[in-house]
Amino acid sequence: MTRSRDNVVPHAKVRSLREAIRKVKFAEVERTDVVVDLQESERARLELLAEELQDIFKEVPEDDDQFSFQIVPGNIPRLWIDITGHVAMGRDKRTYRFLKDTRLGRTVILETPELDDMADCITEYIAERVLERERAVEGDWLSKRLKEPPRAETSVAAVPQQPTQPSVASVPHVRGLWGPFAAFAVGLLVGAALLVGYAWFANPLN
């Protein structure tokens with residue numbers, strides 16, 4: 001007797017090959033802690049973190065060169081995120097420590113044994129740095145723009161027109177009227193004197 005597929009209860013958990021591979025790698029790292037040098041164990045754990053962040057690294061804009069994204073070997077292997085931030089393993093070689101160098105010294109951003117928590121923290125850190133850079137570039141562009149002299153507009157309509165002042169007729173000064181008036185008065189007096197003199201000589205009194 002065959003079962004109908006409608007009667008099969010689906011699994012609630014979806015299997016992920018990526019998660020299975022990560023579990024196998026973690027198991028190998030656990031064995032590495034006992035078998036080989038501890039530095040190899042630290043590097044292996046940092047490589048797991050780098051693989052977890054691989055897709056995030058690819059999404060960073062190509063012109064943004066502030067990030068490093070590389071594991072540097074040494075006495076203490078480090079996964080460098082940028083020039084001031086890196087991830088190293090703690091003394092127990094199992095705890096991730098996200099460290100950042102500041103003007104006040106080195107500070108711990110996050111310390112956790114969980115790979116997912118560390119990956120989420122670094123993702124948020126990268127997003128904040130990308131936004132900070134974009135704001136800085138925009139601020140520099142705006143500052144440069146404000147320093148440029150304003151461009152002269154060639155359009156006639158764009159040239160502000162000066163308001164026309166109403167024309168005011170010139171009013172002669174009061175002192176300027178006395179000259180013609182005085183000449184007219186003198187002329188009347190001279191004319192009157194000439195008439196009186198003519199009448200006197202024309203009809204002399206005997």
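Residues numbered from 1 in each chain as written. Predicted model: local features only at pLDDT ≥ 70, side-chain atom pairs only at ≥ 80, totals over all residues. Heavy atoms only, no water.

We now examine the side chain of Asp64. By the secondary structure assignment, Asp64 is in the loop between helix H3 (54-59) and strand E1 (67-72). At a separation of 3.0 Å, a polar atom in the side chain of Asp64 contacts the side chain of Gln66. Once you skip the residues sitting within four places of it in the chain, Asp64 turns out to touch Val130 and Arg133. (Helix = DSSP H or I, 4+ residues; strand = E, 2+ residues; numbered from the N terminus. Polar contact = N/O pair within 3.5 Å; in protein donor to acceptor, adjacent residues only side chain to side chain. Contact = heavy atoms within 4.5 Å.)

What follows covers helix H4 (residues 115-147). Look at H4: 48 Å from first C-alpha to last across 33 residues, which is about the 48 Å you get at 1.5 Å a residue. Burial in H4 covers these residues: Leu115, Met118, Ala119, Cys121, Ile122, Tyr125, Ile126, Arg129 and Val130. (Expected span 1.5 Å × (residues − 1). Buried < 20%, exposed > 50% of the residue type's maximum accessible area, 1.4 Å probe, protein only.)

We now examine the pairing of strand E5 (residues 105-112). Judged from the seven bridges that link them, strand E4 (residues 96-102) and E5 form a sheet pairing that is antiparallel. Opposite Tyr96, over in E5, you have Thr112 as the bridge partner. (Pairing = 2+ DSSP bridges.)

Moving on, we come to a nonpolar patch on the surface. A cluster of nonpolar side chains, namely Trp141, Leu142 and Leu146, defines an oily patch on the protein surface of about 380 Å² accessible area. With respect to the secondary-structure elements, Leu146 resides in helix H4. The exposure class of Leu146 is exposed, given its relative accessible area of 67%. (Patch = residues over 30% accessible without salt bridge, like charges linked within 9 Å, V, L, I, M, F, W, Y side chains within 5 Å. Areas by Shrake-Rupley, 256 points an atom, 1.4 Å probe, with all protein chains shown as cover. Salt bridge = Lys/Arg side-chain N within 4 Å of Asp/Glu carboxyl O.)

Taken in spatial order, the five strands of this open sheet run E1-E2-E3-E4-E5, and their pairing is antiparallel. Only two strands of the sheet have a single partner each, and these edge strands are E1 and E5. In this sheet, adjacent strand axes meet at a mean angle of 20° when their direction is disregarded. Here four bridges tie E1 to strand E2 (residues 78-82), and the two strands are oriented antiparallel to one another. If you follow Gln70 over to E2, its bridge partner there is Trp80. Contacts from H4 reach E1, E2, strand E3 (85-89), E4 and E5, with the element oriented near 25° to E4. (Axes fitted to C-alpha atoms, helices over the stretch in contact; angles between N-to-C directions.)

Attention now goes to the nonpolar core. Leu49, Val87 and Ile122 are the most contacted members of the largest nonpolar core, which has 23 residues in total. Sorting the residues of this core by element identifies helix H2 (38-52), E1, E2, E3, E4 and H4 as the ones contributing at least two each. A total of eight residues in this core trace back to one element, the largest contributor, which is H4. Apart from residues lying up to four places away in sequence, Val87 is in contact with Leu46, Leu49, Pro77, Arg78, Leu79, Tyr96, Arg97, Phe98, Met118 and Ile122. (Core = buried A, V, L, I, M, F, W, Y, C linked by side-chain atoms within 4.5 Å.)

This part takes up the pattern of salt bridges. As enumerated under the stated definition, the model contains seven salt bridges in all. Put simply, Arg97 and Glu111 hold a salt bridge, and the shortest N to O gap is 3.4 Å. Placement of Arg97 in strand E4 and of Glu111 in strand E5 is noted, with a sequence separation of 14 residues between them. A single salt-bridge network, built from bridges that share partners, covers Asp82, Arg129 and Glu132.

Applying the stated criterion across every chain, the model contains three aromatic pairs. On the numbers, 5.3 Å between centres and 5° between planes, the contact of Phe67 with Phe69 is stacked. We classify Phe67 as buried; its relative accessible area is 11%. Seen from their ring centres, Phe98 and Tyr125 are 5.2 Å apart, and the 85° between their planes marks the pair as edge-to-face. Taken as a pair, Phe98 in strand E4 and Tyr125 in helix H4 lie far apart in primary sequence, 27 residues in all. Phe98 sits in the buried class, given a relative accessible area of 0%. Exposure remark for Tyr125: the relative accessible area of 8% places this residue in the buried category. By the ring-pair criterion, three or more aromatic residues cluster together here, those being Phe57, Phe67 and Phe69. (Phe/Tyr/Trp six-rings, centres within 6.5 Å; stacked < 30°, edge-to-face > 60°.)

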